[in-house]
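Here are the chains, one letter per residue:
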Amino acid sequence: MTASSVLPSRKHKVVVIGSGNWGTTVAKLVAENTRGHPDLFEENVQMWVYEEKVTLPKDSPHYDASVGDEPQKLTAIINKCHENVKYLPKIALPSNIVANPSLQDTVKDASILIFNLPHEFIGNICRQIKDHILPYARGISCIKGVTVTDDNIELICEYISESLGIYCGALSGANIATEIANEEWCETTIAYNTPAGDVHHAANGVANDSDNGAAALTEYKDARGRTSKNKLTPVPGDYPSLDHHVLQSLFHRPYFTVSMVSDVVGVSLGGALKNIVALACGFVEGHGWNMTAKTAVMRRGMLEIITFGREFFPETIEEKTFWEESAGWGDMIVSCTSARNWRYSKMAVERGVSLEEIEKTELNGQKLQGISTTREVCGFLRAKGVESKYPLFMIVDRILDGTVNVEDIPELLRK
Ligand SMILES: NC(=O)c1ccc[n+]([C@@H]2O[C@H](COP(=O)([O-])OP(=O)(O)OC[C@H]3O[C@@H](n4cnc5c(N)ncnc54)[C@H](O)[C@@H]3O)[C@@H](O)[C@H]2O)c1
Ligand SMILES: O=P(O)(O)OC[C@H](O)CO
């Protein structure tokens, strides 16, 4: 420590990687907060958009007769009209969101990276930005999913941390994007173990000497609470400390109550695995069964999530997260009663078509994370030879494959 430095002279540059239904909603609430906290954050929020062309219908308020039916770049529409007409229609976005089709340009000089896109794309994203981020950047993953390779499973924030050499926490909760974009109240949970080197006392007129990332690398607690093998470049002392207080300032809104915790495993697993249970609930409801059947599925699903955590993440799993936090039972309930994975798996059974077919025809580019999560998690359980401990998860996998019918669920669970 040196006592020479004064108040922070730099501000955090915040970017959002992803611009789907949730990606755009989080960009909106974060951009409102960067405006509201000019002492902590740069005002503009770059949002990386997977570029595609969109044709605006004639009855759209943004229809431009001089352009006519010519498809236009989604980034150009967002920057001109301040609306993501494809993934979050009818929601006015703050003008300080800047849609950017270049990943490398989006992450340039950013100290806070918010990852928010379907989990199947994260590997490709990390490969593309690896050599373009600040060494002391920090991440928050809003992604619900896991990465599985053969018989290894990783949380998405662990994967991001390891592939980019930065610390990354997780945000998850009972959060339906469109409701939050409409500023209907909800709660969420952010799990973040602030790396020790990132806390300095600039606010009190004393900063650490980690200027420009030149300071000594420091150890940190990884997602599982272990001392990391790799070391981190600390956030320089001329930035505001990057701690729970700053993250709360970045995400909390009057309509979005943020609870800060340190159980990264519980928060990440709850968000990923509840999507398997949501598919099961949609299947039983599509079959014509009601709340009592769905409650049985939810109860069994939560037990399998807890068993999974105990078996594969025993170091830090804190079961209280599932009871006390929005990222636990709260997310389970909303996901099984009103979210996309539930809604469209119900539709698939009602129509007698596969869920993949429904995703293609009904979702206009949005993704059902439950499909890939079920396949990945069940493949992992098979590789480990422990399928029998997770009967509900395995049944969902077999229904997706078409090898089991919904009416067989009670008998299969009894066995
Ligand atoms: N939507 C919600 O209500 C909600 C709420 C909480 C958490 N989440 C989670 O947030 C994450 C992001 O979901 P979302 O709802 O923002 O997405 P989405 O399903 O609405 O949209 C899909 C996104 O993927 C992008 N995309 C398509 N192909 C791509 C490619 N090859 N590479 C990169 N991107 C590509 C599309 O442009 C689009 O932005 C998911 O893990 C989801 O589970 C969603
Ligand atoms: O719409 P879904 O099924 O992707 O779920 C959205 C959120 O995860 C619910 O908390």
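Residues numbered from 1 in each chain as written. Chains lettered and ligands numbered in written order. Predicted model: local features only at pLDDT ≥ 70, side-chain atom pairs only at ≥ 80, totals over all residues. Heavy atoms only, no water.

Identification of the protein as Glycerol-3-phosphate dehydrogenase [NAD(+)] from Lasiosphaeria ovina is taken from an unreviewed UniProt entry. Recorded in UniProt for the protein, the comment headed Sequence similarities (unreviewed entry) runs: "Belongs to the NAD-dependent glycerol-3-phosphate dehydrogenase family." (UniProt positions renumbered as here; feature names shortened; annotations may be inferred.)

Chemist: What should I look at first to understand the site of ligand 2 in this one?
Modeler: Within the structure, ligand 2 sits among K144, G173, A174, N175, K274, D331, V334, S335, A339, R340 and N341. Between ligand 2 and the protein, one listed contact pairs an oxygen atom with a side-chain N or O atom of K144 at 2.8 Å. With respect to ligand 2, the backbone of R340 contributes an N or O atom lying 2.8 Å from an oxygen atom. In the complex, 91% of the free accessible area of ligand 2, which totals 310 Å², lies under the protein chains. With respect to the detected pockets, ligand 2 is housed in the largest pocket. At the level of elements, α11 (326-337) and α12 (340-351) are the ones that each hand at least two residues to the shell around ligand 2. Take the shell around ligand 2: its biggest share by element is three residues, from α11. (Near = heavy atom within 4 Å. Polar contact = N/O pair within 3.5 Å; in protein donor to acceptor, adjacent residues only side chain to side chain. Areas by Shrake-Rupley, 256 points an atom, 1.4 Å probe, with all protein chains shown as cover. 1 Å grid on protein atoms, 1.4 Å probe; cavity = no way out; pocket = protein on both sides within 12 Å on 5 of 7 lines; lining within 4 Å. Sits in = over half its atoms within 2 Å of the grid points. Helix = DSSP H or I, 4+ residues; strand = E, 2+ residues; numbered from the N terminus.)

Chemist: Is there a simple way to explain the packing of aromatic side chains in this structure?
Modeler: Working definition: an aromatic ring pair is given by the centre-to-centre distance plus the angle between the planes. Taken as a whole, this structure holds eleven aromatic pairs when the rule is applied. Between W48 and Y50 the ring centres are 6.3 Å apart and the planes differ by 70 degrees, which places this aromatic pair in the edge-to-face class. For Y50, a relative accessible area of 62% gives the class exposed. With 5.9 Å between their ring centres and 75 degrees between their planes, F308 and Y390 make a pair best called edge-to-face. Remark: Y390 occurs in the loop between α14 (369-384) and α15 (391-401) and F308 occurs in helix α9 (residues 291-312); sequence separation between them is 82 residues. We classify F308 as buried; its relative accessible area is 0%. Take Y390: its relative accessible area is 0%, and that puts it in the buried class. By way of ring pairs, the aromatic residues F308, F312, F380, Y390 and F393 are connected into one cluster. (Phe/Tyr/Trp six-rings, centres within 6.5 Å; stacked < 30°, edge-to-face > 60°. Buried < 20%, exposed > 50% of the residue type's maximum accessible area, 1.4 Å probe, protein only.)

Chemist: Mind showing me how you'd approach the confidence of the model for the protein here?
Modeler: As a general rule, the predicted coordinates of low-pLDDT regions are not to be interpreted in detail. When the pLDDT values of the protein are averaged, the result is 93; 95% of them are 70 or greater. Every residue in residues 202-214 scores below 50 in pLDDT, and together they form 44 contacts with partners more than four places removed in sequence or on other chains. (pLDDT = per-residue confidence, 0-100. Contact = heavy atoms within 4.5 Å.)

Chemist: Got a minute to help me understand empty space enclosed by the protein in this structure?
Modeler: One simple way to see leftover space: roll a probe sized like a water molecule over the atoms. Scanning the entire structure with this criterion turns up one cavity of 30 Å³ or more. Each pocket or cavity is described by its volume, and for the largest cavity that value is around 70 Å³. Elements that contribute at least two residues to the lining of the largest cavity include exactly α5 (156-164), β10 (167-172) and α8 (264-286). Residue composition of the lining of the largest cavity, by class: seven nonpolar, four polar and one charged. When residues of the lining of the largest cavity are assigned to domains, at least three fall in each of domain 1 (14-262) and domain 2 (266-413). (Points joined across faces, edges and corners; volume = space filled by probe spheres on them. Nonpolar A, V, L, I, M, F, W, Y, C, P; charged D, E, K, R; others polar. Domains from an automatic or database assignment.)

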